[in-house]
Amino acid sequence: METVDVAGLLMGTVDFDGITCEVCLAYVPDARIGDYVIVHVGFAISLVDEAEAHLTLEALRALGDVLQAELSPPDAEPR
């Protein structure tokens, strides 16, 4: 995570499993480079420890796999 001040708001560039995005850090002013945050609609809303961050990422990956399987046409080959 990289942080910058934009018009008085703390903003940060975060990495979502290889995808980077700029988010507002106003709700987590103690966030620093190397921290893990939960992000909702462009706002970091809480700090989490590394273990919790990894568990959450694993759950999101699993959910993505389930959704991909459920939304694929019946005759599509598995990915």
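Conventions used here
- Residues numbered from 1 in each chain as written.
- Predicted model: local features only at pLDDT ≥ 70, side-chain atom pairs only at ≥ 80, totals over all residues.
- Heavy atoms only, no water.
- Helix = DSSP H or I, 4+ residues; strand = E, 2+ residues; numbered from the N terminus.
- Core = buried A, V, L, I, M, F, W, Y, C linked by side-chain atoms within 4.5 Å.
- Buried < 20%, exposed > 50% of the residue type's maximum accessible area, 1.4 Å probe, protein only.
- Contact = heavy atoms within 4.5 Å.
- Patch = residues over 30% accessible without salt bridge, like charges linked within 9 Å, V, L, I, M, F, W, Y side chains within 5 Å.
- Areas by Shrake-Rupley, 256 points an atom, 1.4 Å probe, with all protein chains shown as cover.
- Salt bridge = Lys/Arg side-chain N within 4 Å of Asp/Glu carboxyl O.
- Pairing = 2+ DSSP bridges.
- pLDDT = per-residue confidence, 0-100.

### Quick notes on unusual backbone geometry
Item 1. Within the chain, A7 stands out as a residue other than glycine whose phi angle is a positive 50 degrees.
Item 2. Looking at where A7 falls in the secondary structure, it is placed in the loop between β1 (2-6) and β2 (9-16).
Item 3. Phi is positive for V41, which is not a glycine, with a value near 40 degrees.
Item 4. Tracing the sequence through the fold places V41 in the loop between β4 (36-40) and β5 (43-48).

### Some details on the environment of A59
Item 1. Tracing the backbone through its elements, the reader meets A59 in helix α1 (residues 50-71).
Item 2. In sequence terms A59 and V28 are 31 residues apart; their C-alpha atoms lie 23 Å from each other.

### Focus: the nonpolar core
The tendency in soluble globular proteins is for nonpolar side chains to be buried as a group.
Item 1. Within the largest apolar cluster, seven residues are counted, these being V14, V23, L25, V28, A31, V37 and A44.
Item 2. Those residues in contact with V23 that lie beyond four places of it in its chain are L10, M11, G12, V14, F16, V39, G42 and A44.

### Focus on a nonpolar patch on the surface
Item 1. Taken together, Y27, V41, F43 and I45 make up a surface patch of nonpolar side chains, about 440 Å² in accessible area.
Item 2. Residue V41 is classed as exposed on the basis of its relative accessible area, which comes to 65%.

### Comments concerning the pairing of β1
Item 1. Relative to β2, β1 is paired through five bridges, and the arrangement is antiparallel. Looking at the pairing, V4 lines up with M11 of β2.

### A few points about the confidence of the model for the protein chain
Item 1. Confidence along the protein chain averages 86 in pLDDT terms, with 91% of residues attaining 70 or more.
Item 2. Between the elements of the protein chain, mean pLDDT differs from a low of 81, seen in β1, to a high of 95, seen in β5.

### As for the environment of P73
Item 1. Summarising the element assignment, P73 is placed in the segment after α1.
Item 2. Residue P73 is classed as partly exposed on the basis of its relative accessible area of 48%.
Item 3. A sequence separation of 27 residues divides P73 from S46, and the C-alpha atoms of the two residues are 37 Å apart.

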